[in-house]
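What follows is each chain in one-letter form.
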Amino acid sequence: MEEKKAQILEKLQKVFPEISETKNDFPYNRVDLRIEKNKIPAILFYLKDEMGYKHLVHITCVDWLEEGKFEVIFIVWSPVDKIKVFVKTFLDRNNPVMDNVDMIWRQANTYERELREMFGIQFEGLVAPKEFILEDWDDMPPMRRDFDTEAYARKRFFARPGREDARDVRQTIAERTGEEIPDFAKKYSR
Amino acid sequence: MINDKNSQKIVDIIQNFARKHSLFVLAYGTGCGAIEIPPTMTSRYDAERFGIRGAATPRQADVLLITGYLTTKTVKRVIRVYEQMQDPKYVIGFGSCTINGGMYWDSYNTIKVLDRYLPVDIYINGCMPRPEAVIEGFIKLQKKIMEGRAEGAKHYKENLEWYRANQKKVLGPTTPHIQEYNW
């Protein structure tokens, strides 16, 4: 398995010298690689047609708010090799535009619609209805990390009185048992 | 129909007794709570011994059981379903999500307080309520019906403007999914 994974990366690097970063030290059958965004359709076509990675597992996105980037990840799988290849690419967070890939796999259309709605990533030439899950949405895309979901919920929905003093359960436990809350936990408490 | 006050009382008692013992629950699950309904209805907890049964369509149902959180998208359909149901009709809010938002209190697309949008007769708290709690809630509803206090539908008709204003505030003024009914 290890040799096979190394072979795949070697073969891809020979055809696509633009591959900037690879990762191969996972304990299971996973291979990661990063490439610039305009090479994405080419590498996915190559993986599907030449190397037998014909199953699109998922398209997902990670919001790197501090770096100002979106990371779009395509996961493809080969039923022969039994290996998952993660193809990653960075987009500019202020102008997240990339190529549409639903001519390679038709089901990519659904994932792209979701990313368009939840992260605001624009796929050039994507033909799909405007709304996917949300109806009459008029705010920023909700899965972006700078979207304040609590403030939005307070502004939009009715709330029953009595929840204003809701506090973190860890605070209550810490007071009862005399423990101190570690700093990393304080960061996530409300 | 019957002008005599005492005869009306007797008719009410018979009517409420009959209604109490045949509660048809609309099979419409909104959140995760719908998973508690099969054990409630089947052999172990056997809600049918209290006269609680499932109904297939809104027009045949008496009870609308809101099982869990309601997204803004679902609540439009739920309001429409409620307005299609015929009298007598009752609403049960099921789980803490319908009471104050529960664990989805800061979510961007779930409503928090159900009784702003629909008239709720009984709330069953818990996350999730066990089938025993569900049956307990139904028995409370039956008691309320027998005493003639389960008047959510009447309240909804009388305060329709208030409910409509609340629904439109949250669901948007141009939402096409709520019909303007004229009873």
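Since we're looking at a predicted model, the values are computed, not measured.

Here the focus is the overall build of chain B. Tallying secondary structure elements over chain B gives seven helices and five strands in all. Ordered by position from the N terminus, the helices and strands of chain B form the series α-β-α-β-β-α-β-α-β-α-α-α. Over its C-alpha trace chain B gives a radius of gyration of 17 Å, about what one expects of a compact globule, namely 16 Å for 183 residues. Referenced to the eigenvectors of the C-alpha coordinate spread, the extents of chain B come out at roughly 50 × 45 × 25 Å. Taking all 183 residues of chain B together, 34% fall into the buried category. Within chain B, contacts between residues at least 6 apart in sequence are counted, and of these 81% link residues at least 24 apart.

Residue and element names in this part refer to chain B. Here helix α3 (residues 72–84) crosses helix α7 (residues 160–171) at 150°, and the two axes come no closer than 11 Å. When the interaxial angle is binned, α3 and α7 end up roughly antiparallel. Where α3 crosses over α7, the two elements pack in a sense that is left-handed. Contacts between α3 and α7 involve Thr 72, Val 75, Lys 76 and Ile 79 on the former and, on the latter, Gln 167, Val 170 and Leu 171. Its residues assigned to classes, the contact of α3 with α7 shows four nonpolar, two polar and one charged.

What follows is about the interface of chain B and chain A. Buried accessible area, meaning the area lost when the parts come together, often serves as the stated size of an interface. Taken together, the contact pairs 16 residues of chain B with 14 residues of chain A. Residue assignment for the side of chain B that touches chain A shows that the elements contributing at least two residues are α3 and α4 (96–100) of chain B. Within the side of chain B that touches chain A, the residues separate by chemical class into six nonpolar, six polar and four charged.

This prediction gives chain B a mean pLDDT of 87; 93% of its residues lie at or above 70. For this predicted complex, the interface confidence comes out at an ipTM of 0.80, alongside a pTM of 0.80.

This part is about the nonpolar core. Core analysis: the biggest nonpolar cluster contains 37 residues, and Val63(B), Leu64(B), Leu65(B), Ile66(B), Val91(B) and Ile92(B) have the highest contact counts within it. If you list the elements that add at least two residues to this core, you get β1 (23–26), β3 (63–67), α3, β4 (90–94), β5 (122–124) and α5 (131–146) of chain B. Beyond its immediate stretch of four places on either side in the chain, Ile92(B) contacts Val63(B), Leu65(B), Ile66(B), Asp121(B), Ile122(B), Ile124(B), Gly137(B) and Leu141(B). Counting 24 residues, the second-largest nonpolar core is a separate cluster that includes Val31(A), Val76(A), Val87(A) and Phe123(A).

All right, on to the confidence of the model for chain A then. Confidence along chain A averages 87 in pLDDT terms, with 95% of residues attaining 70 or more. Looking at the elements of chain A, mean pLDDT is at its lowest for helix α6 (residues 183–188) of chain A, recorded as 68, and at its highest for strand β4 (residues 69–77) of chain A, recorded as 94.

Take the sheet that holds β4(A) next. Residues and elements named next belong to chain A. Across the sheet, five strands lie side by side as β1-β2-β5-β4-β3; this open sheet has mixed pairing. Two strands bound the open sheet, and with one partner strand each, they are β1 (21–23) and β3 (55–64). Mean inter-strand twist for the sheet, computed between neighbouring axes without regard to direction, equals 20°. As judged from the nine bridges shared by β3 and β4, these two strands associate in the antiparallel manner. Bridging across to β4, Thr 60 finds its partner in Ile 73. Running over the sheet, helix α1 (residues 2–15) touches β1 and β2 (30–34) and is turned about 20° from β2.

Residue and element names in this part refer to chain A. The first and last C-alpha atoms of helix α3 (residues 108–119) sit 16 Å apart over 12 residues, in line with the 16 Å expected at 1.5 Å per residue. Buried positions along α3 lie against β3, β4 and β7 (122–124). At the exit of α3 stands Gly 120, carrying a positive phi of roughly 75°.

On the secondary structure map, Pro142(A) appears in the loop between β7 and α4 (149–156). C-beta crowding within 10 Å serves as the criterion here: with 18 such atoms nearby, Pro142(A) is assigned to the partly exposed category. Sequence separation between Pro142(A) and Lys39(A) is 103 residues; the distance between their C-alpha atoms is 28 Å. Once residues lying within four places of it in the same chain are set aside, the contact partners of Pro142(A) are Met118(A), Phe147(A), Thr149(A) and Tyr108(B).

Parameters and conventions
- Residues numbered from 1 in each chain as written.
- Chains lettered and ligands numbered in written order.
- Predicted model: local features only at pLDDT ≥ 70, side-chain atom pairs only at ≥ 80, totals over all residues.
- Helix = DSSP H or I, 4+ residues; strand = E, 2+ residues; numbered from the N terminus.
- Rg over C-alpha atoms; globule rule 2.2 N^0.38 Å.
- Buried ≥ 20, exposed ≤ 12 C-beta atoms within 10 Å, placed from the backbone.
- Contact = placed C-beta atoms within 7 Å.
- Axes fitted to C-alpha atoms, helices over the stretch in contact; angles between N-to-C directions.
- Parallel < 35°, antiparallel > 145°, perpendicular 65-115°, else oblique.
- Left-handed = near helix turned anticlockwise from the far one by under 90°.
- Nonpolar A, V, L, I, M, F, W, Y, C, P; charged D, E, K, R; others polar.
- pLDDT = per-residue confidence, 0-100.
- Core = buried A, V, L, I, M, F, W, Y, C linked by C-beta atoms within 7 Å.
- Pairing = 2+ DSSP bridges.
- Expected span 1.5 Å × (residues − 1).

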